[in-house]
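# Working through the structure, step by step
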Amino acid sequence: MEMPTGKILIVDDDKLIMNLLSGMLDEDYDVICADNSLEGLRLARQEQIDLVLLDINMPIFDGQKLCQTLKGDPETKDIPIIFITALVSAEDETKGLEAGAADYIAKPINKSVVLARVKIQIEAKQQREYLEKLSTTDPLTGVPNRRCFDETLEREWRRCQRSEKPLSLLVLDIDCFKLYNDCYGHLAGDSCLIKVAQLLTGALSRGGDLLARIGGEEFVALLPDTPFESLDVVADRFRTTIEEAAIPHERSPISEVVTISVGGSTLIPNQKVEPVELHRRADEQLYVAKEKGRNHYSLGVG
Ligand SMILES: [Mg+2]
């Protein structure tokens, strides 16, 4: 039986059971253990866990409570949980499943049952993650797509609203890209888009920033906690990065190389405005940048 890789957290106050389970799994998986629910909660939040094997009867708070806590936290809700238990009544099993458990393993523990059930849950989680990644990635350039941008904008909007931090957005497109395609063909056009996406992604310096492709030759960069004063540094870096890459564009009336126009805006999110307002304002500034003759950036503060 071929095993997927993954990190498993075992939470059980019975050291014998903990060691027994750990011994069954540590050949195929990365296994960490906690002998109480508090430590289990800490590890589940801190480590990148793919599966939790959870005892029900434990001091401090029991496995059902820990399961509910993990399922109620956006950071840990997607980690599958299997209860390891001597309790096998239909009522207890139902309670556990209702608390969000993915499965049960009954004591006494049997190695092949444990391995089979663990494998099912880990594979299912990896499959879900793969599909999630596919649905939020632009297939041509490999950068996040429109859907990912829309979801991230909503999330960062709420987060910056709570913390009263500014949220900045740059929108940009490749100047005269239709002429580029007409001149070099659509395959070369695709290569140009891939190159531009890579360069823009590389020009972002912080982990929380998001570069996404949202249309044909249109990209956005969402910059949380970025004040208006810092926005022109990024906008200028984008513009110069693309220009200095010196991708030939002989048909462009702007330059001999591929260039971009950039518009940007900053808002401190509040309840009176919708996230789309930030996008609308940045779009207005993109229009201004094009009016300036393209290969420019223009920024407006909200
Ligand atoms: Mg116990």
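See above for the structure.
Now for a quick tour of the structure. (Residues numbered from 1 in each chain as written. Predicted model: local features only at pLDDT ≥ 70, side-chain atom pairs only at ≥ 80, totals over all residues. Heavy atoms only, no water.)

The subject of this paragraph is the overall build of the chain. Looking only at helices and strands, the chain features ten helices and ten strands. For a compact globule of 302 residues, the expected C-alpha radius of gyration is about 19 Å, and the chain comes in at 25 Å, more than 25% above that figure. Taken along its principal axes, the extent of the C-alpha atoms in the chain is 75 × 45 × 30 Å. For the chain, with 302 residues in total, the buried portion stands at 48%. Working note: accessible area of the chain is about 15,100 Å², and carbon and sulfur atoms make up 50% of it. In the chain, which carries 35 positive and 51 negative side-chain charges, the distance between the mean positions of the two groups comes to 3 Å. (Helix = DSSP H or I, 4+ residues; strand = E, 2+ residues; numbered from the N terminus. Rg over C-alpha atoms; globule rule 2.2 N^0.38 Å. Buried < 20%, exposed > 50% of the residue type's maximum accessible area, 1.4 Å probe, protein only. Areas by Shrake-Rupley, 256 points an atom, 1.4 Å probe, with all protein chains shown as cover. Lys, Arg positive; Asp, Glu negative; His and termini not counted. Charge placed at Lys NZ, Arg CZ, Asp CG, Glu CD.)

Here the bond from Lys 107 into Pro 108 is cis, since omega is 0°, no more than 30 degrees from zero. Notably, Arg 294 is not glycine yet its phi reads approximately 65°, a positive angle.

This brings us to the sheet that holds strand E5 (residues 103–106). Spatially, E2-E1-E3-E4-E5 is the arrangement adopted by the five strands of the open sheet, whose pairing is parallel. Each of the sheet's edge strands pairs with one partner strand only, and the pair in question is strand E2 (30–34) and E5. On average, each strand axis in the sheet is tilted by 20° relative to the strand beside it, whichever way the strands run. Summarising the sheet, strand E3 (residues 51–55) and strand E4 (residues 81–85) pair through four bridges and their orientation is parallel. Bridging across to E4, Val 52 finds its partner in Ile 81. In the packing of helix H3 (residues 63–71) onto the sheet, the strands contacted are strand E1 (7–11), E3 and E4, and the crossing angle to E4 comes to about 180°. Against the sheet, helix H4 (residues 90–98) engages E4 and E5, with an angle of about 140° to E5. (Pairing = 2+ DSSP bridges. Axes fitted to C-alpha atoms, helices over the stretch in contact; angles between N-to-C directions. Contact = heavy atoms within 4.5 Å.)

This brings us to the coordination of the magnesium ion. Protein-derived ligands of the magnesium ion are Asp 13 (OD), Asp 55 (OD) and Asn 57 (O), with the metal-ligand distances lying across 2.0 to 2.2 Å. Written as a sequence motif, the donor residues of the magnesium ion are D-x41-D-x1-N. Accessibility expressed as a relative area gives 5% for Asp 55, which makes it buried. (Donors = N, O, S within 2.8 Å, 3.2 Å for Na, K, Ca; no water.)

Time to look at the environment of Cys 33. Examined against the element boundaries, Cys 33 turns out to sit in strand E2. Linking Cys 33 and Asp 103, residues 70 residues apart in sequence, is a C-alpha distance of 19 Å.

Next up on the list: helix H7 (residues 177–184). Within H7 the residues assigned to the buried category are Phe 177, Tyr 180 and Asn 181. Looking straight down H7, one finds its buried side chains confined to an arc of 95°; they lie on one side. Buried residues along H7 sit in contact with strand E6 (167–174) and helix H8 (186–203). Note on H7: the residue one or two positions beyond its end, Gly 185, has a positive phi of about 95°. (Arc of directions from axis to C-beta.)

Overall, mixed pairing links the five strands, which are arranged E7-E8-E6-E9-E10 in an open sheet. Looking at which strands have only one partner, the edges of the open sheet turn out to be strand E7 (210–213) and strand E10 (297–301). On average, each strand axis in the sheet is inclined to that of its neighbour by 15°, with strand direction left out of account. Here E7 pairs with strand E8 (residues 218–224) via four bridges, running antiparallel. Bridged to Arg 213 within E8 is Phe 219. Sitting on the sheet, helix H9 (residues 228–244) touches E6, E7, E8, strand E9 (260–267) and E10, and the angle it makes with E10 is about 165°. Packed on one face of the sheet, helix H10 (residues 275–291) meets E6, E8, E9 and E10 and runs near 145° to E9.

Here we come to the packing of helix H6 (residues 146–163) against H10. In a pair of packed helices, the angle between the axes and the distance between the axes together describe the arrangement. Remark: H6 packs on H10, axes separated minimally by 9 Å, with the N-to-C direction vectors making an angle of 115°. For the pair H6 and H10, the contacting residues are Arg 146, Phe 149, Leu 153, Glu 154 and Trp 157 in the first and Pro 275, Leu 278 and His 279 in the second. Of the residues in the contact of H6 with H10, the class split is five nonpolar, one polar and two charged. (Nonpolar A, V, L, I, M, F, W, Y, C, P; charged D, E, K, R; others polar.)

Enumeration according to the criterion identifies three aromatic pairs in this entry. Aromatic pair Tyr 180 and Tyr 184: ring centres 4.6 Å apart, planes at 45°, arrangement tilted. Here the residue Tyr 180 and the residue Tyr 184 both occupy positions in helix H7, the gap between them amounting to four residues, near one helical turn. For Tyr 184, a relative accessible area of 30% gives the class partly exposed. (Phe/Tyr/Trp six-rings, centres within 6.5 Å; stacked < 30°, edge-to-face > 60°.)

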